[in-house]
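Notes for the structure review
For reference, the chains in residue letters:
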Amino acid sequence: MHYLQIKNLEKKFENFSFHIKNISIQKGCFFGILGHSGAGKSTLLNLLCGFEQPDSGDILLEGKSILSQKPHERGIAYVFQNSLLFEGLSVYENLTYLFKAKGLKVKEEFIESSLSECEVLHVKNRDVKTLSGGERQRVSLAMALMMRANFLLLDEPFSNLDTALKIKMRLFLKKIIHAHNITAIMVTHDKDDAFLLFDEMVLLEDGSILQSGTPKSIYENPQTLSVAQYFGFENIYKIKEVNEVFELCFDESLEGYLLIPYHAISFGGDLVQKVFEKIYIEGRYKIKCESGLVLFSSNDVNEKFSISINKEFCTFLAD
C-alpha cells in the first residue's frame, strides 16, 4: 500500500482549474513537484496542508482520508521559502514554542538531537535575527525533525540562498531525509533540485500533470513538447520539417514534434550542414547550423561539414 495517495483532486478558481488524477508516494520517498509559476504547485501544497479544501477527490495517508482533518491534525512539518521563525526570540525559544502551541510537554532530548543532527546546536541560544540564511533553514529543518511528523513539506526552501550555499544545503537535506527515512514532498521550479534531490517527481502545467516518474526517466524520455521545452531541449522540429530538412522519412500522418538529441548526431554522412554560429564552451564547441540544428564537437569544424542522424535515438513528442 502506498503511504500517501492523491486521487482525482479537483479545485476550481475563477481563472484557474486544478485537476490531479493520481499521485502515489511510498514511505521514505523524496518526492518533487516541479513546474513554472502558475503551474499549480502552491495549490497542491495548500490542499495537502489543509489550507484549501478540494471540490472533489481525496488525499489518503496510509489508506485513510485526511480531508476532514484540520491543518494541525495532519501531522505535517513544513519548511518554507522564508523560515517561519520569531525574531526577538532565541532558537531554543522558537523550538519550545512549537511544543507549547500544541499543548505538549517540552522534550529537551528532541530539541538537542534535532539541532545537533542539523549542525546548529551551537546557535541554540542566539536570537534568530542574528542567523545567516543557511542557519535559518537548518533550524527550520531541525524544527521539522523534532516534531516527528507524518511527512515533510518543503516550499522552495533554497530560493533565497546564494548558489554556493544552495549546493551545500541540497546535499545536507538529502542526507538528513534519507538517514531518517522521512517522506518528503518539495515544491520547486529549479531543475537542479530535481536531478540532485528527488527519487520521483511530477511536472505540472496549467493545474495538471504533464509527466511523472524519476527525474532521469522524464529527462531521457520526454513525452510532450511542453516537457521537452521545460528542460530546455533544442533540436525540436515538426515531423514534416524533419523529413524535408534532414531526409529522415518519418510518417507525416503523425501529429506532433520530433526531438533530435545531441547523441543522435554523428559527424560524417550525407547531410551537409553550414555553420551559422559557433561558441567555445568548457572545452568544446557548441555549433548552431543554418538549418537550426544544434550540436557539440570537441574539435573545431569547417564552415561546411557533413553529419548523419540516427533515427532510433530520436523521440516523438505529443503536441
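What you see is a predicted model, and the numbers here were worked out from it, not measured in a lab. (Residues numbered from 1 in each chain as written. Predicted model: local features only at pLDDT ≥ 70, side-chain atom pairs only at ≥ 80, totals over all residues. Heavy atoms only, no water.)

Let us now look at empty space enclosed by the protein. Following the criterion strictly, the structure yields one cavity of 30 Å³ or more and no others. The computed volume of the largest cavity comes to approximately 50 Å³. What lines the largest cavity is simply Val79, Gln137, Leu141, Leu154, Pro157, Phe158, Met169 and Leu173. Sorting the residues of the lining of the largest cavity by element identifies helix 4 (133-146) and helix 5 (163-179) as the ones contributing at least two each. Per-class residue counts for the lining of the largest cavity are seven nonpolar, one polar and no charged. (1 Å grid on protein atoms, 1.4 Å probe; cavity = no way out; pocket = protein on both sides within 12 Å on 5 of 7 lines; lining within 4 Å. Points joined across faces, edges and corners; volume = space filled by probe spheres on them. Helix = DSSP H or I, 4+ residues; strand = E, 2+ residues; numbered from the N terminus. Nonpolar A, V, L, I, M, F, W, Y, C, P; charged D, E, K, R; others polar.)

Time to look at helix 4. For helix 4, built from 14 residues, the straight-helix expectation of 20 Å at 1.5 Å per residue is met to within 8% by its first-to-last C-alpha distance of 20 Å. The buried fraction of helix 4 amounts to 13 of the 14 residues, a majority that puts the element mostly inside the structure. Just downstream of helix 4, Arg148 is the residue with a positive phi angle, here 50 degrees. (Expected span 1.5 Å × (residues − 1). Buried < 20%, exposed > 50% of the residue type's maximum accessible area, 1.4 Å probe, protein only.)

A few words on the domain arrangement of the chain. Along its sequence, the chain is carved into domain 1 (4-229) and domain 2 (236-317). The C-alpha centroid of domain 2 is placed 40 Å from the C-alpha centroid of domain 1. The interface is formed by six residues belonging to domain 1 together with six residues belonging to domain 2. For the pair domain 1 and domain 2, the summed buried surface comes to about 440 Å²; carbon and sulfur atoms form 79% of the total. Among the residues of domain 1 in contact with domain 2, Pro222, Leu225 and Ala228 are the three that bury the most area, contributing 74% of the side total. Here domain 1 and domain 2 share zero salt bridges between them. Put simply, domain 1 and domain 2 have zero residue pairs in polar contact (both at pLDDT 80 or more) between them. (Domains from an automatic or database assignment. Contact = heavy atoms within 4.5 Å. Buried area = accessible area lost by both parts, 1.4 Å probe. Salt bridge = Lys/Arg side-chain N within 4 Å of Asp/Glu carboxyl O. Polar contact = N/O pair within 3.5 Å; in protein donor to acceptor, adjacent residues only side chain to side chain.)

It is worth spelling out the environment of Val275 at this point. Along the chain, Val275 turns up in strand 13 (residues 265-281). Note: C-alpha distance between Val275 and Lys288 (13 residues apart in sequence) is 6.2 Å. Sequence-distant contacts of Val275, defined by excluding residues within four places in its chain, comprise Ile287, Lys288, Glu290, Val301, Asn302, Glu303 and Phe305.

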